[in-house]
Amino acid sequence: MKAAAFDYTAPRTVPEALDALGDTRRTAQVLAGGQSLILEMHLRRGGPDLVVDINRVAELDHMRVNGGALQVGALVRHRVFESPQAVPGALGRLLSLAVVNIAHPPIRARGTMVGSLAWAHPASEWCAVAVALDADIVLQASGGTRVVAARDFFHGPHLTARHPRELITSVRFPLLGDDTGVGFVEHRRTHFSFAQVAVAATLTVRDGVIGDARIGLANCAGSPLRARAAEEALIGAEAGPFTAGCRLPGDHPFTRAGRIAAERDAAPLAEPYADVEYRRQAIAVVVRRTLCQAADGWSPGGPGGPQGDHR
Ligand SMILES: Cc1cc2nc3c(=O)[nH]c(=O)nc-3n(C[C@H](O)[C@H](O)[C@H](O)COP(=O)(O)OP(=O)(O)OC[C@H]3O[C@@H](n4cnc5c(N)ncnc54)[C@H](O)[C@@H]3O)c2cc1C
């Protein structure tokens with residue numbers, strides 16, 4: 001099917017983009033990478049009257065470290081994060097572990113991190129990372145700027161706290177300390193399917209004991225969520241040693257955390273290829289594996305760093 005007729009504008013500045021989005025006579029939508037919007041328009045699912053193409057707004061194409069946080073502008077493409085060196089320290093490693101799970105290279109070359117947050121697909125990798133790290137989402141409208149924490153931003157599948165007249169100008173992630181290990185693992189049905197379960201985790205370990213744990217889950221409910229009960233169960237637990245391949249006893253803290261995430265934190269729905277019981281089992285396993293990866297990256301002598309495409 002072809003998209004219905006629409007008007008198009010390509011502003012060159014943020015105020016021009018906000019003017020276009022503020023036009024109350026029309027439903028306007030932002031075009032960033034177009035990897036989700038164009039498809040939706042061709043399927044005629046809620047297409048806009050006016051497409052506001054932000055690709056010429058140079059000020060949105062920035063990435064900078066400022067006051068202990070990484071700020072990523074609305075035009076930064078997924079593929080930038082494929083190199084762990086693109087961002088300092090453990091945060092760079094986490095983003096590089098996550099990004100290789102998003103679609104495939106041509107889509108990663110066009111699609112944007114901020115576009116993924118705006119689109120709020122329940123299986124989005126960036127949404128899992130954003131809730132795990134409690135990222136700040138910066139929204140601008142002609143009346144001013146506001147910042148919404150990721151935990152308050154996602155309201156359901158494709159539903160967010162963003163007002164239709166607002167532009168997301170950037171997202172801010174806290175940098176991670178050197179004593180923080182990171183993991184990102186997902187389970188998918190086929191190579192190019194969206195994740196059935198995706199998990200982002202960080203572990204901060206002092207003297208072998210876990211002092212802080214963050215676990216973000218994607219496609220485990222209608223919105224990305226923090227597995228807070230599982231995180232609490234990890235605090236004070238010993239991080240290792242664990243066996244290669246993450247085969248752990250049932251009473252290991254990571255195994256327990258996986259079960260808690262699956263049973264108490266997640267609220268998976270049945271899908272055509274996975275009933276709820278299957279999905280809970282998958283969540284428990286993927287959480288355990290992600291924690292192993294985070295602990296392995298932390299331990300002195302562990303491989304650390306990105307470990308390639310996990311599909
Ligand atoms: C075959 C295929 C496989 C895919 N696989 C995955 C996957 O595994 N994981 C995954 O996460 N994604 C996947 N995607 C989606 C892809 O990551 C998109 O790039 C992403 O969801 C949207 O980013 P975009 O920049 O392309 O946004 P667009 O398509 O341009 O926009 C998406 C929506 O967000 C809005 N929007 C975009 N930017 C802003 C902004 N700055 N402010 C306000 N609103 C904004 C748009 O108006 C639109 O409603 C896949 C896409 C395809 C086609």
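Each remark here, short or long, concerns the structure printed above.
Residues numbered from 1 in each chain as written. Predicted model: local features only at pLDDT ≥ 70, side-chain atom pairs only at ≥ 80, totals over all residues. Heavy atoms only, no water.

Caption draft 1: A look at the environment of Val57. Its place among the elements puts Val57 in the loop between strand S3 (50-53) and strand S4 (63-66). The exposure class of Val57 is buried, given its relative accessible area of 0%. (Helix = DSSP H or I, 4+ residues; strand = E, 2+ residues; numbered from the N terminus. Buried < 20%, exposed > 50% of the residue type's maximum accessible area, 1.4 Å probe, protein only.)

Caption draft 2: Molecular detail of the sheet that holds strand S2 (residues 28-31). One open sheet accounts for three strands, arranged S1-S3-S2; its pairing is parallel. Pairing within the sheet leaves two strands with one partner each, and these edge strands are strand S1 (7-9) and S2. Between one strand axis and the next, the sheet turns by 25° as a mean value, whatever way the strands run. Examined bridge by bridge, S2 and S3 share four bridges and lie parallel to one another. (Pairing = 2+ DSSP bridges. Axes fitted to C-alpha atoms, helices over the stretch in contact; angles between N-to-C directions.)

Caption draft 3: Region of the structure containing the side chain of Glu40. With respect to the helices and strands, the residue Glu40 is situated in helix H2 (residues 37-42). The exposure class of Glu40 is buried, given its relative accessible area of 12%. At 2.9 Å, the side chain of Glu40 and the side chain of Arg45 are in polar contact. Residues in contact with Glu40, not counting those within four places in the same chain, are Arg45 and Trp119. (Polar contact = N/O pair within 3.5 Å; in protein donor to acceptor, adjacent residues only side chain to side chain. Contact = heavy atoms within 4.5 Å.)

Caption draft 4: Examining the packing of aromatic side chains more closely. Enumeration over the complete set of coordinates arrives at two aromatic pairs. Taking the centre distance of 5.4 Å and the plane angle of 70° together, the rings of Phe81 and Trp126 count as edge-to-face. One end of the pair, Phe81, is in the loop between strand S5 (69-73) and helix H3 (89-99); the other, Trp126, is in helix H6 (residues 125-133), and 45 residues separate them in sequence. When the ring of Phe153 is compared with that of Phe154, the centres are 5.1 Å apart and the planes differ by 85°; the resulting orientation is edge-to-face. Residue classification places Phe153 among the buried positions, given a relative accessible area of 0%. A cation over an aromatic ring shows up here: Arg189 above the ring of Tyr273, its NZ or CZ 3.6 Å from the ring centre. (Phe/Tyr/Trp six-rings, centres within 6.5 Å; stacked < 30°, edge-to-face > 60°. Lys NZ or Arg CZ within 6 Å of the ring centre and 35° of its normal.)

Caption draft 5: Fine view of the pairing of strand S6 (residues 136-141). Pairing geometry for S6 and strand S7 (residues 144-149), over six bridges, is antiparallel. If you follow Leu139 over to S7, its bridge partner there is Arg146. What sits between S6 and S7 in their antiparallel hairpin is a turn of two residues. Across five bridges, S6 lies against strand S10 (residues 167-174) in antiparallel orientation. The residue bridging Val138 from the neighbouring strand is Ser170, located in S10.

Caption draft 6: How the structure looks around the nonpolar core. Counting residues in hydrophobic clusters, the biggest one holds 58 residues, and the most contacted among them are Ile54, Phe81, Leu95, Trp126, Val129, Val171 and Phe173. Looking at which element gives the most residues to this core, the answer is H6, with eight residues. The contacts of Ile54, once residues within four sequence positions are left out, are Ala17, Val30, Leu31, Ala32, Leu60, Ala74, Leu75 and Leu167. Grouped together as the second largest cluster of nonpolar side chains are 35 residues, Ala213, Val287, Leu291 and Cys292 included. (Core = buried A, V, L, I, M, F, W, Y, C linked by side-chain atoms within 4.5 Å.)

Caption draft 7: Seen up close, the site of the ligand. Taken together, 28 residues lie around the ligand, and Val30, Gly34, Leu37, Thr112 and Glu125 are the ones closest in. The contact in question runs from an oxygen atom of the ligand to an N or O atom on the backbone of Gly33, over 2.9 Å. Contact between the ligand and Glu125: a nitrogen atom at 2.7 Å from a side-chain N or O atom of the residue. Here the ligand loses 91% of its free accessible area of 960 Å² to cover by the protein chains. Of all the secondary-structure elements, those providing two or more residues to the shell around the ligand are S2, helix H5 (113-119) and S10. In terms of residue count, H5 provides more of the shell around the ligand than any other element does, five residues in total. When residues of the shell around the ligand are assigned to domains, at least three fall in each of domain 1 (7-53) and domain 2 (58-174). (Near = heavy atom within 4 Å. Areas by Shrake-Rupley, 256 points an atom, 1.4 Å probe, with all protein chains shown as cover. Domains from an automatic or database assignment.)

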